[in-house]
Amino acid sequence: MLGLITPINPMMAGISLVPPPPVPPDVKEIIHCTSCTLFPQNPNLPPPSTRERPPGCRTVFVGGLPENSTEEIIREVFEQCGEITAIRKSKKNFCHIRFNNEFMVDKAIYLSGYRMRIGSSTDKKDSGRIHVDVAQARDDLYEWECKQRLLAREERHRRQVHEDQQRAPSPPPIIHYSEHEAALLADNLKDDLKFSEATSVLLTWIDRGEVNRRTANHFYSMIQSTNSHVRRLMSEKAQHDEEMERAREAFRSALLTVLAQCKFSRTVVMVTVTHSGKTHLHTPQELSQSKEKLLMFPEGVIL
């Protein structure tokens, strides 16, 4: 069995006996500013840790600032990351910086671990290793919640518009009762094409409670017109049913006549074939033709 094992070809796709080369680390460079200089940390040291990022975060915490740092120096350093909305500097060596957009926070965190030195001074108060991390700000959370509510409203509106487009169109509104409209409705009740629409308007007026002592005569005449129209339609329907029944009976009698004629013709053919067989002999072709004639006339049809 060991001899049947095929040796592995190292040139096959997806197989490599040589480990891939390590990815080179991101080398940070010295950043020169007008009033200070930022020196990167030792690349052999682990990167600075950061906390979990809250939703909608646009504020960072900056610690380890030099004691002699000012708001102008901090703005000069971090304006390279993006537009700054506000800077809240403490009396101690830290501050909070709020940016205009969320992606600017990632650029600010990139500066974490740099050593800031103001000018060319070697004084300890002019030097410090800055630490940048995300901060939990109420303003960021409030604006993020407002944005989420706005997106939810837009989604509901978009879904409502889609449902309205899919929904069948609503019927036109029913006009309100008046003597003029009642006169027009009485004429529409006598028209075959407008009878159904006029009937729905009449029922809507009755449901609304438009019937009173003053309008009772108008409604009575319209109901009488509706009743006479319905009676006429019922009589026409009965007449059409009678005509349909007569046509059905005529068709049935005609079909029975045709079947009787077919049966009589079949009997005649059978008698002719029998009589012809006694007088002379038939050829095979004549016999086959006689059989075909017999098959053309069935004995009966089930209705």
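Every value quoted in this text rests on a predicted model; they were computed, and no experiment measured them. (Residues numbered from 1 in each chain as written. Predicted model: local features only at pLDDT ≥ 70, side-chain atom pairs only at ≥ 80, totals over all residues. Heavy atoms only, no water.)

J.: When you look at a nonpolar patch on the surface in this model, what are you seeing that I'm missing?
T.: A cluster of nonpolar side chains, Leu203, Ile206, Val211 and Ile223, forms an exposed patch at the surface whose accessible area comes to about 320 Å². Position of Leu203 relative to the elements: it lies in helix α5 (residues 195–208). Taking the relative accessible area as the measure of exposure, Leu203 reaches 49% and is therefore partly exposed. (Patch = residues over 30% accessible without salt bridge, like charges linked within 9 Å, V, L, I, M, F, W, Y side chains within 5 Å. Areas by Shrake-Rupley, 256 points an atom, 1.4 Å probe, with all protein chains shown as cover. Salt bridge = Lys/Arg side-chain N within 4 Å of Asp/Glu carboxyl O. Helix = DSSP H or I, 4+ residues; strand = E, 2+ residues; numbered from the N terminus. Buried < 20%, exposed > 50% of the residue type's maximum accessible area, 1.4 Å probe, protein only.)

J.: Could you clarify how one ought to interpret the pattern of salt bridges in this entry?
T.: Pairing between side chains becomes possible if they bear opposite charge and their charged atoms approach one another. Scanning all chains against the criterion turns up 15 salt bridges. For Arg214, the salt bridge is made with Glu179, and the minimal N-O distance between the two is 3.9 Å. Pair noted here: Arg214 is in the loop between α5 and α6 (216–279) and Glu179 is in helix α4 (residues 179–189), with a separation of 35 residues, a long-range link. Of the two residues examined, Arg214 and Glu179, each falls in the exposed class.

J.: Looking at this structure, how should I read the pairing of strand β5 (residues 94–99)?
T.: Regular strands place side chains that alternate from one sheet face to the opposite one. Here strand β3 (residues 59–63) runs beside β5; their pairing, made up of five bridges, is antiparallel. Bridging across to β5, Phe61 finds its partner in His96. Direction of pairing for strand β4 (residues 84–89) relative to β5: antiparallel, over a ladder of five bridges. In the sheet register, Ala86 faces β5, and the bridge partner there is Arg98. Counting the residues between successive antiparallel strands, the hairpin from β4 to β5 contains four residues. (Pairing = 2+ DSSP bridges.)

Function cannot be inferred from these measures alone, as they are strictly geometric.
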